[in-house]
Structure formats: structure tokens, C-alpha cells
Number of protein chains: 2
Amino acid sequence: MGAVVFDISMSLDGFITGPNPAPEQPLGAGGERLHDWAYGLASFRERHGEPGGETNPDDEVLSEAFSRAGAVVMGRKMFGGGDGPWGDDPWEGWWGDDPPFRMPVFVLTHHAREPLAKRGGTTFTFVTEGVGVAVEQARAAAGGRDVLVAGGADIASQCLRAGLVDEIQIHLVPILLGDGTRLFDRLGPERIELEPIRVIESPRVTHLRFGVLR
Amino acid sequence: MGAVVFDISMSLDGFITGPNPAPEQPLGAGGERLHDWAYGLASFRERHGEPGGETNPDDEVLSEAFSRAGAVVMGRKMFGGGDGPWGDDPWEGWWGDDPPFRMPVFVLTHHAREPLAKRGGTTFTFVTEGVGVAVEQARAAAGGRDVLVAGGADIASQCLRAGLVDEIQIHLVPILLGDGTRLFDRLGPERIELEPIRVIESPRVTHLRFGVLR
């Protein structure tokens, strides 16, 4: 069976967005800096329907994460930001007609709605029964591959507290952002011991992979 | 000239102590976990006047940090905790008669007092004129070697904001502590770009070294 992997880019000071994330700037002010390492890579471009791009150790890490995954779990903000319309004219999210996931995506939300099928194999399924059910449905859909918990911070914390995460991959970006959305915002009180699995270095980002010890 | 290096152990969720640090438990509840990787090492034991100990990549990193350094800067809490007595019967700090530093230590404080000389070459000098002066005095005392900014979090933030730090070495401990003292507590608003210098891995801790770009 695949692993449940929480995979995200984080600044050295622990932020996954810049300051003031909002519907019009979901990554916060200048938060794109956290993903600079990925934008030019071949596997990133391929997922966005574009040819070419760099092949390097960063690309191998990104490509591996995509190819190991069979389903994605994300929060509603990551799907579609703040308060998009729901109902007769449902908000279709950030991801356009041809989202880069190309696999089933389970969106944790309080608002029930019908699944949303997009081009290229991405289907957004909306789960209102909590993170445990979202991960369970993703596991079933992943067909033995990994479930990628893609964010945001709330979902990550809920999954970690519920003991649902097998591995954490942090793309540690060499910057002190100074403010923004914290990835780990005082998870306490129970400590979670990890086990370093591997480190892959590049000039732009350090890829840290940990196993979660139970 | 040596570099000003900020060197500290941090959990993956960004804490440098456990919850509720206090004079009777300066590392907070269970915060010793952050230094477990160091206690048994030969260079740690040697600094504490004890023979033997492990030699491994962790030991090389610790030994290098000691041998490159010519002076230390620390905050008053790291010197001696909360509200120890000052004056006729001054509080002598946490570090005993034979502190492990064996070099000049500059303690940033609001309370002027005479320098305190200990065995083995450690002299605590108390600096009341701010972090810039503390680093300047440490540089002069270091004789071309590194100045080690040893903590705590306040001192680190002040040094970073003032542009006084050349390198950051984080000993990243594979644990989510869940609560405690944050190393980087919203430094904003100015971003600080870093440059990865090296990564040294071990099963217990990942040693990350960054240069601070100006």
C-alpha cells in the first residue's frame, strides 16, 4: 500500500505563504518565492502542459512525488480560496480547466457539492465528513500509490494530530520570509517523533524527507 | 576575519525549547530532546571535562563549531535564566565553575556588572549597549576566529534584523515538539535571502548551514 505523504514548500522560518494570504493572492504577498525552485522544472511544466524545462535533482524530486502519487488531499482554501460562490454557479477553484494533478483530488470542506471533473484526469471530490474520511477515500482512489497531502497548514495539522501521515517531505526554501502562514502552528501537546529518511540538496532548495514514528 | 555564525538546535516545527521554559527548566518541558544528538559526542564531553564519547559526523560538526569560534554572544536568559540575584551576591549563571565555552562570552543584558572569570578560559562580559556592541566586542576578542551567536531566540532575531549575521547553522532535530519557544517568531517585514552552504546528515539530526545574503 502507498504512504500518506505530506509534501510542501516551507521557508526556513516556517512559513508556507507570504503575509496576508487572501482570495486575490492565495500565496500571500510574494509567496511565489517559495515555489520559485519548481516553476522552471521539466516535470512542473509537463504537468502544466508546457514543453521543455530544467532537469536536475529538484526535477527528480518533483517528478518522483507526482509519479508516486495516486490521489491528492487538500483543503478548501487550496482548492479555491476564500469565499467563492457555491450552488447554482459553483466556484471552480484556482486550477483552471486542465489542473496539474491528473488524478483524483479530495477537497476537505464544510460545503457539500457534486464532484467536479476536469480535463486530464483531475476530479475534485468534496468531502464534508472530516480529514479521516478524506484520507480514507483518497487511499481507496490511489490504488496502492501514495496519497499526497498537499496543504494547507490546517489540513496538515489535522492529519498529523490524527496520526494519518506516514511521511513528511519539506522543500526547505533558503529564505526568512518574516511573516505569513505558519506550517506548524503549535501542534501540541503531543510530540511527534520523526525519522530522517533522506536529504537532497540543490542551490535553490533542500528537500528533507522524514518518516513519522508511531 | 571570522564570520558571525548563529548556531542552534531547532525542532522541525521551529522550536528551540519545549513548552514553559523557566528558571528551573531553562530548556522548557523536555527540551533536552533537542540536544540529545550532542550529549554523547566526544567533543561535547571534552568541553565538559569528560573523556571518551562518540566520534561521528555529528561530532565533527560540533567540534568544528567549537574550533572555529573565538568568542560567544548570548542573551541573559541563556547565561543565567530568569531573575537571579544581581549585586553584592551576583548570580553566577547556569554554567558552573568550569563552563564549556573556554573563550570570551559576551552576555547581552540590561544590568551592568563586572566581568566574571571562570576556569578554563571562559570569561563572561556583560554588555548593556545592545547587540551591535556585543557583536563588535566579541569580534575584537575573537582574534580573527568566528563569533558564535549561541541564542536565545531574541538575540538571534536582533542580530538578523541588524544585519550582523554572516551564517546560520541549524541542527534540525527530527521531532515536532508542538509548543515551546520559537526560533523565528515573525521577524518581518524585511525578507532575508539565504544561500545553502552545506548539509550534513545523520540519523539523529540534520545539520544545515546557510549564508546570509546582503
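Remember, it's a predicted structure, so these values are computed and weren't measured experimentally. (Residues numbered from 1 in each chain as written. Chains lettered and ligands numbered in written order. Predicted model: local features only at pLDDT ≥ 70, side-chain atom pairs only at ≥ 80, totals over all residues.)

> I'd like a description of the nonpolar core, backed by residues and values.
Generally speaking, a soluble globular protein has its nonpolar side chains buried in company with each other. Counting 112 residues, the largest nonpolar core has Val72, Val73 and Val149 of chain A together with Val72, Val73 and Val149 of chain B as its most contacted members. Other than its neighbours up to four places away in sequence, Val149 of chain B contacts Val4, Val5, Phe6, Val73, Ile155, Ala156, Cys159 and Val165 of chain B. (Core = buried A, V, L, I, M, F, W, Y, C linked by C-beta atoms within 7 Å. Buried ≥ 20, exposed ≤ 12 C-beta atoms within 10 Å, placed from the backbone. Contact = placed C-beta atoms within 7 Å.)

> I'd love a proper account of the confidence of the model for chain A, names of residues and values included.
Per-chain confidence: chain A averages 92 in pLDDT, with 95% of residues scoring 70 or above. This prediction of the complex comes with two scores: 0.94 for pTM and 0.94 for ipTM. (pLDDT = per-residue confidence, 0-100.)

> Kindly report on the relation of the copies chain A and chain B, identifying the contributing residues and their values.
Superposing chain A onto chain B requires a rotation of 180° together with a translation of 0.0 Å along the rotation axis, leaving an RMSD of 0.0 Å. These values place the two chain copies in the arrangement generated by a two-fold rotation axis. Proximity to the rotation axis, assessed at the C-alpha, singles out Gly14 of chain A in chain A; its C-alpha lies 3.3 Å from the axis. In this assembly the copies share their binding face: 100% of the residues contributing to the interface of chain A also contribute to that of chain B. (Least-squares fit on C-alpha atoms with pLDDT ≥ 70 in both.)

> Go over the sheet that holds strand β4 (residues 116-117) of chain B, please, and point to the residues and values.
Read across the sheet, 10 strands follow the order β8(A)-β9(B)-β10(B)-β7(B)-β1(B)-β6(B)-β2(B)-β3(B)-β5(B)-β4(B) without closing on themselves; strand pairing throughout is mixed. Single-partner strands in this sheet number two, and they are β8 (175-176) of chain A together with β4 of chain B. As paired strands, strand β7 (residues 167-173) of chain B and strand β10 (residues 206-212) of chain B are joined by 6 bridges and run antiparallel to one another. Looking at the pairing, Ile170 of chain B lines up with Leu208 of chain B of β10 of chain B. Together, β8 of chain A together with β1 (4-11), β2 (69-75), β3 (104-108), β6 (146-151) and β9 (192-201) of chain B form the strand contacts of helix α6 (residues 153-161) of chain B, whose direction differs from that of β6 of chain B by roughly 130°. (Pairing = 2+ DSSP bridges. Helix = DSSP H or I, 4+ residues; strand = E, 2+ residues; numbered from the N terminus. Axes fitted to C-alpha atoms, helices over the stretch in contact; angles between N-to-C directions.)

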